[in-house]
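Descriptive analysis of the structure
The chain contents come next:
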Amino acid sequence: MDRYLLEQLNRDMGFYLRATETLAVAQSPWQKIEIFNSAAFGRGMVIDGCFMTSERDEFFYHENIVHLAGIAHANPESALIVGGGDGGAAEELLKYPGMKRVVLAELDEQVVALARQHLPAIHRGAFDDPRLDVRFIDGKAFIEAASERFDLIVLDLTDPFGPAQALYTADFYAACKRALNPGGALSLHLGSPIHRPRTMNRIVKSLQCAFAIVRPYLVPVPLYGACWAIASASATLDPAALDEAAVDARIAARGLTHLQYYNGAMHRAACALPNFVRELLARDDAPITLDETLDEVVDPAQLPPLAVTRRNAGQ
């Protein structure tokens, strides 16, 4: 039966999608996970009422959260993903011919199980690649205690409310820095400058406490209902230092294929910020702390019921 899935992006706006089929619902110890089918996006995943990924638009997010830093790196051989249980980021990292191992630190085993079963068009068999090491573990604790070092770390996380907020603080980013090899980079999403501008700026300020180079960039993510911000953070690596020709040359030299979004021109375009985002990032603001509630980030469990009003054409 058709139904409308609704995500409230902040207290004043939201995004809806018509689902034609519910394929699976699971309540893990940490969250509610749903797999749906839709005419607009194909199969997708919702966690705690928030859209995570879908077959038809996952490349907007996964290619961009991986490849701007990945191509800027001289030769990535090891990577860590925190979260990312749908397998989309792992699939992109495993495209690198020099990649020897990717560790996926995912708290919730149910996310991986449902993705493996229902979302093969997103992970494309990444879970069966012997280079992928899936560990069901608290990613924050793993990074803080890690003796391993990585060329790339990808934080593919849910939004910063509840327990996830601890993974958006300056202290945690400092732990990520310690887990990077020299010349390595962290990449993560910042949310949207449209519906959570101050939160985006505060994440950047938190990153700047730990990293000398923080490069925010913008991409469209249709399932998220807005343009989306991602960042690369590093002691030395800056994706904006590469021109279009250099990016395309590295894509060719590394044999990266099946890219639906990313190329040299889009790499440069992502790094070119519009004036309103430049002004936003120029504002003074405090890094995120654990002992606060972010005013723009809405915990879906705390929202009043959403009502849909339909108006027929011609009436």
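We now turn to the structure provided with this report. (Residues numbered from 1 in each chain as written. Predicted model: local features only at pLDDT ≥ 70, side-chain atom pairs only at ≥ 80, totals over all residues. Heavy atoms only, no water.)

1. Focus on the overall build of the protein chain
- Broken down by element type, the protein chain carries 10 helices and 12 strands.
- Its C-alpha radius of gyration of 19 Å places the protein chain within 12% of the 20 Å reference for a compact globule of 315 residues.
- Considered along the principal axes of its C-alpha atoms, the protein chain spans approximately 60 × 45 × 40 Å.
- Counting only contacts in the protein chain whose residues sit at least 6 apart along the sequence, the fraction spanning at least 24 positions is 67%.
- Here the protein chain has roughly 13600 Å² of accessible surface; of this, 51% comes from carbon and sulfur atoms. (Helix = DSSP H or I, 4+ residues; strand = E, 2+ residues; numbered from the N terminus. Rg over C-alpha atoms; globule rule 2.2 N^0.38 Å. Contact = heavy atoms within 4.5 Å. Areas by Shrake-Rupley, 256 points an atom, 1.4 Å probe, with all protein chains shown as cover.)

2. Some words on helix H8 (residues 244-254)
- Along H8, the residues that are buried comprise Val247, Ile251 and Arg254. Taken around the axis of H8, the buried residues stretch over an arc of 80°, which confines them to a single face. The outward face of H8, more than 90 degrees from its buried face, is lined by the exposed residues Ala245, Ala252 and Ala253.
- Check the buried side of H8 and you find it contacts helix H1 (58-72) and helix H9 (264-271).
- At the C-terminal side of H8, Gly255 shows a positive phi close to 65°. (Buried < 20%, exposed > 50% of the residue type's maximum accessible area, 1.4 Å probe, protein only. Arc of directions from axis to C-beta.)

3. Considerations on the sheet that holds strand E10 (residues 180-191)
- With mixed pairing, 7 strands are arranged side by side in an open sheet as E8-E7-E6-E9-E10-E12-E11. Since the sheet does not close on itself, it has two edges, and those belong to strand E8 (132-136) and strand E11 (213-221), each with one partner. Ignoring strand direction, the axes of neighbouring strands in this sheet form an average angle of 20°.
- Against the sheet, helix H6 (residues 170-178) engages strand E9 (150-156) and E10, with an angle of about 145° to E10. (Pairing = 2+ DSSP bridges. Axes fitted to C-alpha atoms, helices over the stretch in contact; angles between N-to-C directions.)

4. Brief notes about a nonpolar patch on the surface
- Residues Met13, Ile194 and Phe276 make up a contiguous nonpolar surface patch of roughly 260 Å² in combined accessible area.
- Assignment of secondary structure puts Met13 in strand E2 (residues 13-27). (Patch = residues over 30% accessible without salt bridge, like charges linked within 9 Å, V, L, I, M, F, W, Y side chains within 5 Å. Salt bridge = Lys/Arg side-chain N within 4 Å of Asp/Glu carboxyl O.)

5. Structural notes on the layout of surface pockets
- By volume, the largest pocket amounts to about 870 Å³.
- Those elements that place two or more of their residues in the lining of the largest pocket are strand E1 (3-10), strand E4 (42-47), strand E5 (50-54), H1, strand E6 (78-83), strand E7 (101-106) and helix H5 (139-145).
- Among the elements that take part in the lining of the largest pocket, E5 stands out by supplying 3 residues, more than any other.
- Residues of the lining of the largest pocket, tallied by class, amount to 21 nonpolar, 9 polar and 10 charged. (1 Å grid on protein atoms, 1.4 Å probe; cavity = no way out; pocket = protein on both sides within 12 Å on 5 of 7 lines; lining within 4 Å. Points joined across faces, edges and corners; volume = space filled by probe spheres on them. Nonpolar A, V, L, I, M, F, W, Y, C, P; charged D, E, K, R; others polar.)

6. With respect to the packing of H6 against helix H7 (residues 197-210)
- Between H6 and H7, the least distance of the axes is 8 Å, while the angle of their chain directions is 45°. In terms of orientation, H6 lies oblique with respect to H7. Judged by the sense of rotation from one axis to the other, the crossing of H6 with H7 is right-handed. Seen from H6, the contacting residues are Ala170, Tyr173, Ala174 and Lys177; seen from H7, they are Ile203, Ser206, Leu207, Cys209 and Ala210.
- When the residues that make up the contact of H6 with H7 are grouped by side-chain class, the tally is 7 nonpolar, 1 polar and 1 charged. (Parallel < 35°, antiparallel > 145°, perpendicular 65-115°, else oblique. Left-handed = near helix turned anticlockwise from the far one by under 90°.)

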